[in-house]
Amino acid sequence: VQGTGGSSAVSKCSAAARGYIQDRFLRLLAGRRRRRAPLIHRGYYIRARAVDHCVQDFLLKTRSLPRTQILSLGAGFDSLYFRLKDMGLLHHTVVYEVDFPDVACQKATLIKRMKELSALVGDTGGEGLGAITFSGEDYKLLGVDLSELSELERTLEEAGLNNEIPTLFIAEVVLPYMENTRSDALIQWAAEHFPQACFLVYEQVHPEDPFGRVMQQHFSQLNCALRSLAQYPDCEAQRRRFLGKGWTECSVMDMNEFFICCIPEDEQQRVQTLEPFDEYEEWHLKCSHYFVLAASKGMEPSWTPLLPSVTVPRHAGPVGMAGSVPAALCARLSGIPGLRRYGHHSVLIKPSVILTTGGFGEENGQHCRMRDFHVLSKHAGYWKAVCVTQNIPDKRWGERLYHTVSCLSDTLALVVGGRTSPSSAGLGMLWLKFPKTCNASDPDDVSVELVSLQPAAEAAALRWRHSTTEVTFKGEQYLFVYGGRSALEPVLGDWHFLHTPELSYAVIAVEGPVPESRHSHSACSWEGGVLIAGGLGAAEQPLGSVFLLRELEHGFQWQTIETHPPLVPRYSHTAHVHEGKLLLVGGVWFHASSVPGVTIIDLMTGLCLDYVINVEHLEWPLMLHNHSSVFLPNEKELLIIGGGGNCFSFGTHLNPAPVTLSLSSILISH
């Protein structure tokens, strides 16, 4: 547990070095320097913003009072005091920090050694008295175990903490490491002993969904299990916890809500453009698994609460589920490491034969961008898979994520777009050629050829997280390339018609309301046109719209498909059409109470029903984003291949094996 403070300081320091937060003191307190990934920077940025938002609100609203105090519990190597002092915000406020004796001693030594720090505190020489490791006029650093409440109370009294003045308690990822009885006692003690107080908490939530299970496993492996989550698994349970322990007001929001409600749009845009970034799913999942809570009692009604009680409409209440869909492991495919991947693409190239390409996954025990293809085929009710090594002279063309593959004939498929790194340009197009007899029992080589495009068609190819769909116009076949993103544009709303097979760019008139720009949406061919659903929009927020690009005599027309109840906004899902119904599979949404399962939209009536996926027969978390899926209409069965991602600092999760979802019962009942 003590080690978590040090690694958190290093991450905050890295975020400050890249311009996410302004804090010149972190580098003095963090000790070692290490550059973290953009996803980690965003995670620590939102944490710092949430804490600062509430702390500065407290100081602003109490500035007319003669004296206030801040008590930071489990403060670690945090720089809060030094930042507030440097900004001139501590005119009449004393900051008390408490952590384990070892941590407090290390920090006290650091402060004394660093002139920049000691000059701000103005050492009064009161340190070294028992648990008080450092004592300045408006800063006291105490070494006490928080779970020893009587010892904590005695030391705070000795250090001069005053029960009668307005007090802000801060617990930033601290309480979950304590036994519940002890953390509950601490929350109740603060309410009972301080007539005017606020309590600010930032910590984890939702332990039982797939991301939550990976998060819990990570902390257990570090030997600092999250003990509070079983009893307080969601934001509402935490709110009730504080109200039941003597606090009269309590507002709480997860970090997706905080980002939307409390961070101005221009600041959101600044952060979104600081570094090349393409891990939206893990960023939003991280944000739905952390919350900020502000409780208060006895404060002036004019300035409570510290957090706005704004509920973003799309977060309101749980998603009603119409039923469940059973998930079953494909046992025959479970030993194949190459199928553990995400950001890849799978396509049916013949009945019961699937080609899977690209993505990021596991090869020879290492995580890497995937070069090899896999052919999966079904014989006598069982799936079988083999690896096909492809020979592309330029490896950049082979190692791609977030591309599309369209099967154009029984021997030809087209790969469009994709990327290596998010800072590099999109990757153009490839022909995949395979023999008529290609299957997993006899996987003749799939050969690969680069496509040289006309300049007019080039723009269609240099993108990723887009869609490529077959459409028909005046009896001719076209590929409709839509949306996505590029190295220069974080979201695209344009489209291109490519005439097959020669891939010449065609100008075809399109009328009607143009859909909002998006990437990570789904697209399916339907009645000669295209169905577009969901996606991530320009503000990095999920979209809930469904559009049909419908063929007319002289071109195409965009039409909105109204769904009822409205489709819950989502992205990074997959989609299929079956007998007038649109099936959406998995994805990421902002409803933290559940994860997306299978949604069925009746395209005639607009009726939209959500089904939860029953994973009781799987021994591991099933992450349904960045996956691929293939629908087998005869069996009314979905095969899900891959999925997962880089789960913040908790490690990379790759779904270990393909899974089948049996949809026969819900397709009949629907």
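Residues numbered from 1 in each chain as written. Predicted model: local features only at pLDDT ≥ 70, side-chain atom pairs only at ≥ 80, totals over all residues. Heavy atoms only, no water.

**A short note on the overall build of the protein**
The line we're drawing: Working definition: helices are DSSP H or I runs of at least four residues, strands are E runs of at least two. Numbering for both runs from the N terminus. Here's how the labels work: a residue is buried when its accessible area is under 20% of the maximum for its type, exposed when over 50%, partly exposed in between, all with a 1.4 Å probe on protein chains only. The criterion used for residue contact is that any of the two residues' heavy atoms lie within 4.5 Å. Method for areas: the Shrake-Rupley scheme with a 1.4 Å probe, in which residue coverage is limited to the protein chains shown.
From N to C terminus, the protein includes 16 helices and 38 strands. With respect to the three principal axes, the spread of C-alpha positions in the protein is 85 × 50 × 45 Å. Looking at the protein residue by residue over its 670 residues, the buried ones come to 60%. Long-range contacts, defined as pairs at least 24 residues apart, comprise 67% of the intrachain contacts of the protein with a sequence gap of at least 6. Counting every atom, the protein has about 25600 Å² of accessible surface; 50% of that belongs to carbon and sulfur.

**A closer look at the environment of Val 144**
Mapped onto the elements, Val 144 comes out in the loop between strand E4 (139-143) and helix H7 (149-159). In the structure, Val 144 is positioned 13 residues away from Ala 131 in sequence and 6.5 Å away in space, judged by C-alpha atoms. Contacts of Val 144, omitting those with residues within four sequence positions, involve Val 98, Asp 99, Phe 100, Pro 101, Ala 131, Glu 151, Leu 152 and Thr 155.

**Some words on the domain arrangement of the protein**
Condition: Bear in mind that the domain bounds are from an automatic or database domain assignment. Put simply, buried area is the surface a 1.4 Å probe can reach on two separate parts but cannot reach once they are joined, added for both. In the sections that follow, a salt bridge refers to a side-chain nitrogen of Lys or Arg positioned within 4 Å of a carboxyl oxygen of Asp or Glu.
According to the domain assignment, the protein consists of domain 1 (2-296) and domain 2 (321-662). Between domain 1 and domain 2, the C-alpha centre-to-centre distance is 41 Å. With 31 residues of domain 1 at the contact, the number on the domain 2 side is 36 residues. In this assembly, domain 1 packs against domain 2 so that about 2900 Å² is buried in total across both faces, 62% of it on carbon and sulfur atoms. Considering only the surface of domain 1 that becomes buried against domain 2, Asp 278, Tyr 280 and Glu 281 emerge as the three largest contributors, covering 23% of it. Counting across the interface, domain 1 meets domain 2 through 5 salt bridges. Of the charged contacts, one joins Arg 42 and Glu 540 as a salt bridge, the two residues approaching to 2.8 Å between their closest N and O atoms.

**Examining the packing of helix H11 (residues 255-262) against helix H13 (residues 280-288)**
Helices that pack against each other are described as a pair by the angle of their axes relative to one another and the distance between those axes. The cut-off we apply is this: Fitting a line to C-alpha atoms yields each axis, with helices limited to the stretch in contact; the angle taken between N-to-C directions then spans 0 to 180 degrees. Just so you know how the angles are binned, under 35 degrees is roughly parallel, over 145 roughly antiparallel, 65 to 115 roughly perpendicular, and the rest oblique. Charged means Asp, Glu, Lys or Arg here, nonpolar means Ala, Val, Leu, Ile, Met, Phe, Trp, Tyr, Cys or Pro, and polar covers whatever is left, Gly included.
Orientation of H11 relative to H13, taken along the N-to-C sense of each, is 100°, at an axis distance of 6 Å. For the element pair H11 / H13, the angle class is roughly perpendicular. Facing H11, whose interface residues are Met 255, Asn 256 and Phe 259, H13 presents Trp 283, His 284, Cys 287 and Ser 288. Residue composition of the contact of H11 with H13, grouped by class: 4 nonpolar, 3 polar and no charged.

**Section: the sheet that holds strand E29 (residues 555-560)**
Test applied: Strands were regarded as paired on the criterion that DSSP finds at least two bridges between them.
Read across the sheet, 5 strands follow the order E25-E29-E28-E27-E26 without closing on themselves; strand pairing throughout is mixed. Sheet topology places strand E25 (509-511) and strand E26 (522-526) at the edges, where each strand pairs with a single neighbour. Put simply, the sheet's adjacent strands are angled 20° from each other on average, direction ignored. The pairing of E25 with E29 spans 3 bridges and is classified as parallel. Bridged to Glu 511 within E29 is Gln 557.

**Observations concerning the pairing of strand E31 (residues 581-585)**
Along E31, 5 of the 5 residues are buried, which leaves the element largely enclosed by surrounding structure. Alternating residues of E31 divide into Lys 581, Leu 583 and Val 585 and Leu 582 and Leu 584, and every residue in both groups is buried. Hairpin connection, strand E30 (residues 574-578) to E31: the antiparallel pair is bridged by 2 residues, and Glu 579 has positive phi, about 45°.

**Focus on the sheet that holds strand E38 (residues 659-662)**
Strand order in this open sheet of 8 strands is E30-E31-E32-E33-E9-E38-E35-E34, and the pairing throughout is mixed. The outermost strands of the open sheet, each flanked by one partner alone, are E30 and strand E34 (628-632). Here the average twist between neighbouring strands, direction ignored, is 25°. Where strand E35 (residues 637-641) lies against E38, 4 bridges are found, and the strand directions are antiparallel. Considered in E38, the bridge of Leu 638 is made with Leu 661.

**Focus on the pattern of salt bridges**
The full count for this structure, using the stated rule, is 32 salt bridges. Where Arg 240 meets Glu 236, a salt bridge forms, and the shortest distance between an N and an O atom there is 3.6 Å. Taken together, the positions of Arg 240 and Glu 236, both in helix H10 (residues 235-244) and 4 residues apart, correspond to about one turn of that helix. Its relative accessible area of 35% is what places Glu 236 among the partly exposed residues.

**Comments concerning the environment of Met 114**
Inspection of the secondary structure puts Met 114 in the loop between helix H5 (101-113) and helix H6 (115-121). For Met 114, a relative accessible area of 24% gives the class partly exposed. Taking the C-alpha atoms as reference, Met 114 lies 9.2 Å from Leu 29; in sequence the two are 85 residues apart.

**Re the side chain of Asp 78**
Which entries qualify depends on this criterion: As used in this structure description, the phrase polar contact means that two N or O atoms lie within 3.5 Å; if the pair is within protein, one of them must be able to donate a hydrogen and the other to accept it, and residues adjacent in sequence are counted only when both atoms belong to side chains.
Along the polypeptide, Asp 78 turns up in the loop between strand E1 (68-73) and helix H4 (80-86). Of the polar contacts made by the side chain of Asp 78, one reaches the backbone nitrogen of Leu 80; its length is 3.4 Å. Beyond its immediate sequence surroundings of up to four residues, Asp 78 is in contact with Lys 12, Leu 29, Glu 97, Lys 107 and Glu 172.

**Observations regarding unusual backbone geometry**
Looking along the chain, the bond that leaves Thr 500 and enters Pro 501 is cis, with omega of 5°. As for its placement among the helices and strands, Pro 501 is situated in the loop between strand E23 (495-499) and strand E24 (504-506). Cis geometry is found at the peptide bond from His 564 to Pro 565, where omega equals -10°. Positionally, Pro 565 belongs in the loop between E29 and E30. At Val 173, a position not held by glycine, the phi torsion is positive, near 50°.

**Digging into the layout of surface pockets**
Test applied: Two kinds of site are reported from a 1 Å grid over the protein atoms alone, namely cavities, where a 1.4 Å probe fits but cannot get out, and pockets, open sets with protein on both sides within 12 Å along at least five of seven lines, and residues are called lining when an atom falls within 4 Å of a point. Grid points are joined across faces, edges and corners, and a volume is the space filled by probe spheres set on the points.
The volume enclosed by the largest pocket comes to roughly 1200 Å³. Taken together, 38 residues form the lining of the largest pocket, with His 345, Ser 346, Ala 523, Ala 575 and His 576 sitting closest to its centre. Of all the secondary-structure elements, those providing two or more residues to the lining of the largest pocket are strand E11 (345-350), strand E17 (404-407), strand E21 (467-473), E26, E30 and E34. Looking at side-chain class alone, the lining of the largest pocket contains 12 nonpolar, 23 polar and 3 charged residues.

**Quick look at the nonpolar core**
It is characteristic of soluble globular proteins that their nonpolar side chains tend to be buried jointly. Our working definition: By nonpolar core is meant a set of buried Ala, Val, Leu, Ile, Met, Phe, Trp, Tyr and Cys residues that side-chain atoms within 4.5 Å join together.
One finds Ile 46, Val 55 and Phe 258 to be the most contacted residues of the largest nonpolar core, which totals 80 residues. Two domains share this core, each providing at least three of its residues, namely domain 1 (2-296) and domain 2 (321-662). Those residues in contact with Val 55, other than ones at most four positions away along the chain, are Ile 70, Leu 80, Leu 84, Leu 168, Ile 170 and Leu 200.

**Thoughts on the packing of aromatic side chains**
We count it as follows: Between rings of Phe, Tyr and Trp, where Trp is taken as its six-membered ring, a pair exists when centres lie within 6.5 Å; planes separated by under 30 degrees are stacked, by over 60 edge-to-face, and by other angles tilted. Remark: a charge is flagged as sitting over a ring if the NZ atom of Lys or the CZ atom of Arg is within 6 Å of the ring centre and within 35 degrees of the ring normal.
Tallied over the full model, the rule gives 29 aromatic pairs. Here Phe 211 and Phe 650 contribute two aromatic rings whose centre-to-centre distance is 5.9 Å and whose plane-to-plane angle is 65°, an arrangement assigned as edge-to-face. With Phe 211 in helix H9 (residues 210-221) and Phe 650 in the loop between strand E36 (644-646) and strand E37 (652-654), this residue pair connects regions lying 439 residues apart in the sequence. Residue classification places Phe 211 among the buried residues on the basis of a relative accessible area of 2%. Three or more aromatic residues joined by ring pairs form one cluster here, namely Phe 473, Phe 480, Tyr 482, Trp 495, Phe 497, Phe 547, Phe 556 and Trp 558. Against the face of Phe 648 rests Lys 286, its NZ or CZ located 5.0 Å from the ring centre. Across from the ring centre of Tyr 382, 3.8 Å away, lies the NZ or CZ of Arg 332, which sits over that ring.

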